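Overview (structure and organization)
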Amino acid sequence: MRVMVLSGANLGRLGRREPAVYGSRDYNDLVAACQEQAAELGLVVDCRQTDDEATMLAWLHEAADTEAAVVLNPGAWSHYSYALRDAAAEVRGPLVEVHLSQTHAREAFRHHSVISAVAAGTITGLGFDSYLLALRAIAARRPRDGA
Ligand code: DQA
């Protein structure tokens, strides 16, 4: 089962960006952790990061067209991008929204995600484990042979 692990704006800055909030491990460490978890679960992951909203939209269209599952950390787009929300709504793979930080304990503008209503679930505040638990949730939902 193919899973696209998509990280949005500023997530390539992990390790340097606000380490008190996002930790000291970098984006490559996140990719390695996802690959290791995926291998344990028998999933194939395709990890990508972009700061360009149009690129993220194209990746979500690709996920919809190929019926891939998605782990999506939309970064700040979570809080205002209706375009991303509409693209995420097309993904049936399923799509799990994740956040590294506990957005509900931060500034008020981070308390609402326009993506959550179209996500199968949302995992927030658990650092890298947010991504790894999302992979577990996707593996648990995978259709069984013959089902
Ligand atoms: C984030 C939370 C967002 O509010 C923020 O804009 C990010 C990262 C997280 O993973 O905690 O860029 O999505």
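Residues numbered from 1 in each chain as written. Predicted model: local features only at pLDDT ≥ 70, side-chain atom pairs only at ≥ 80, totals over all residues. Heavy atoms only, no water.

1. What to know about the packing of helix α2 (residues 27-41) against helix α5 (residues 128-140)
Which entries qualify depends on this criterion: Think of each axis as a best-fit line through the C-alpha atoms, taken over the contacting stretch in the case of a helix, with angles from 0 to 180 degrees between the N-to-C directions. Helix and strand labels come from DSSP, where a helix needs a run of H or I of at least four residues and a strand needs a run of E of at least two; each type is numbered from the N terminus. An angle below 35 degrees is treated as roughly parallel, one above 145 as roughly antiparallel, one from 65 to 115 as roughly perpendicular, and anything else as oblique. In a left-handed crossing the near helix is turned counterclockwise from the far helix by less than a right angle, and in a right-handed crossing that turn is clockwise. Residues are treated as being in contact if the distance between any of their heavy atoms lies within 4.5 Å. Three categories are distinguished: nonpolar for Ala, Val, Leu, Ile, Met, Phe, Trp, Tyr, Cys and Pro, charged for Asp, Glu, Lys and Arg, and polar for the others, with Gly belonging to the last.
At a minimum axis separation of 10 Å, α2 and α5 run at an interaxial angle of 25°. Comparing the axis directions of α2 and α5 gives the class roughly parallel. For α2 against α5, the interelement crossing comes out right-handed. Contact residues: Asp 29, Leu 30, Ala 33, Cys 34, Gln 37, Ala 38 and Leu 41 in α2; Phe 128, Tyr 131, Leu 132, Leu 135, Arg 136 and Ala 139 in α5. Its residues placed into classes, the contact of α2 with α5 shows ten nonpolar, one polar and two charged.

2. Overview of the nonpolar core
Inclusion rule: Throughout, nonpolar core names a set of buried Ala, Val, Leu, Ile, Met, Phe, Trp, Tyr and Cys residues whose side chains join them through atoms within 4.5 Å. Partly exposed describes any residue whose relative accessible area lies between the buried limit of under 20% and the exposed limit of over 50%, with all areas from a 1.4 Å probe on protein chains only and scaled to the type maximum.
If you look at the biggest cluster of nonpolar residues, it comprises 27 residues, and the most contacted ones within it are Val 3, Val 5, Val 71, Tyr 131 and Leu 135. Those elements that provide at least two residues to this core are β1 (2-7), α2, β3 (69-73), β4 (95-99) and α5. Every residue in contact with Leu 135, bar those within four places of it in the chain, is listed here: Val 3, Val 5, Cys 34, Gln 37, Ala 38, Leu 41, Leu 43, Val 45 and Val 71.

3. Points about helix α3 (residues 53-66)
Owing to its 3.6 residues per turn, the α-helix brings residues three or four apart onto one side. What counts here: The span one expects for a helix is its residue count, reduced by one, times 1.5 Å. Taking the helix axis as origin, the arc is that swept by the directions to the C-beta atoms.
The end-to-end C-alpha distance of α3, which contains 14 residues, comes to 20 Å, matching closely the 20 Å that a straight helix rising 1.5 Å per residue would cover. Within α3, burial applies to Met 56, Leu 57, Trp 59, Leu 60, Ala 63 and Ala 64. The arc that holds every buried residue of α3, seen down its axis, measures 160°, which confines them to one face. Residues Ala 54 and Asp 65 are exposed on α3 and point more than 90 degrees away from its buried face. Elements that come into contact with the buried residues of α3 comprise β1, β2 (44-49), β3, α4 (82-89) and β4. A positive backbone phi angle near 60° is found at Glu 67, which sits one or two residues after α3.

4. A look at the site of the ligand
Applied cut-off: In these notes, residues near a molecule or strand are those with any non-hydrogen atom within 4 Å of it. We call two N or O atoms a polar contact when they sit within 3.5 Å, provided that within protein one can donate a hydrogen and the other can accept it, with sequence-adjacent residues counted only if both atoms are side-chain atoms. Accessible surface area values rest on a Shrake-Rupley calculation with a 1.4 Å probe, where residue burial reflects the displayed protein chains alone.
Taken together, Ala 9, Arg 17, Tyr 22, Asn 73, Gly 75, Ala 76, His 79, His 99, Leu 100, Ser 101, Thr 103 and Arg 110 form the complete shell of residues around the ligand. One of the side-chain N or O atoms of Arg 17 is found 2.9 Å from an oxygen atom in the ligand. Measuring from an oxygen atom of the ligand, one finds a backbone N or O atom of Ala 76 at 3.1 Å. Calculation on the ligand without its partners gives an accessible area of 320 Å², and the protein chains cover 99% of this total. Its residues assigned to classes, the shell around the ligand comprises four nonpolar, six polar and two charged.

5. Re the environment of Trp 77
Along the chain, Trp 77 falls in the loop between β3 and α4. For Trp 77, a relative accessible area of 4% corresponds to the buried category. Sequence separation between Trp 77 and Asp 29 is 48 residues, and the spatial gap between their C-alpha atoms is 23 Å. Non-local contacts of Trp 77, meaning those with residues more than four positions away in its chain, are made with Gly 8, Ala 9, Thr 50, Asp 51, Asp 52, Glu 53, Met 56, Leu 84 and Val 114.

6. Looking at the sheet that holds β4
Inclusion rule: Strands are labelled as partners when DSSP assigns at least two bridges between them.
Read across the open sheet, the five strands follow the order β2-β1-β3-β4-β5; overall the sheet is parallel. Single-partner strands in this sheet number two, and they are β2 and β5 (121-124). In this sheet, neighbouring strand axes are inclined to one another by 20° on average, regardless of whether the strands run parallel or antiparallel. With five bridges joining them, β1 and β3 adopt parallel strand pairing. Bridge pairing links Leu 6 to Leu 72 in β3.

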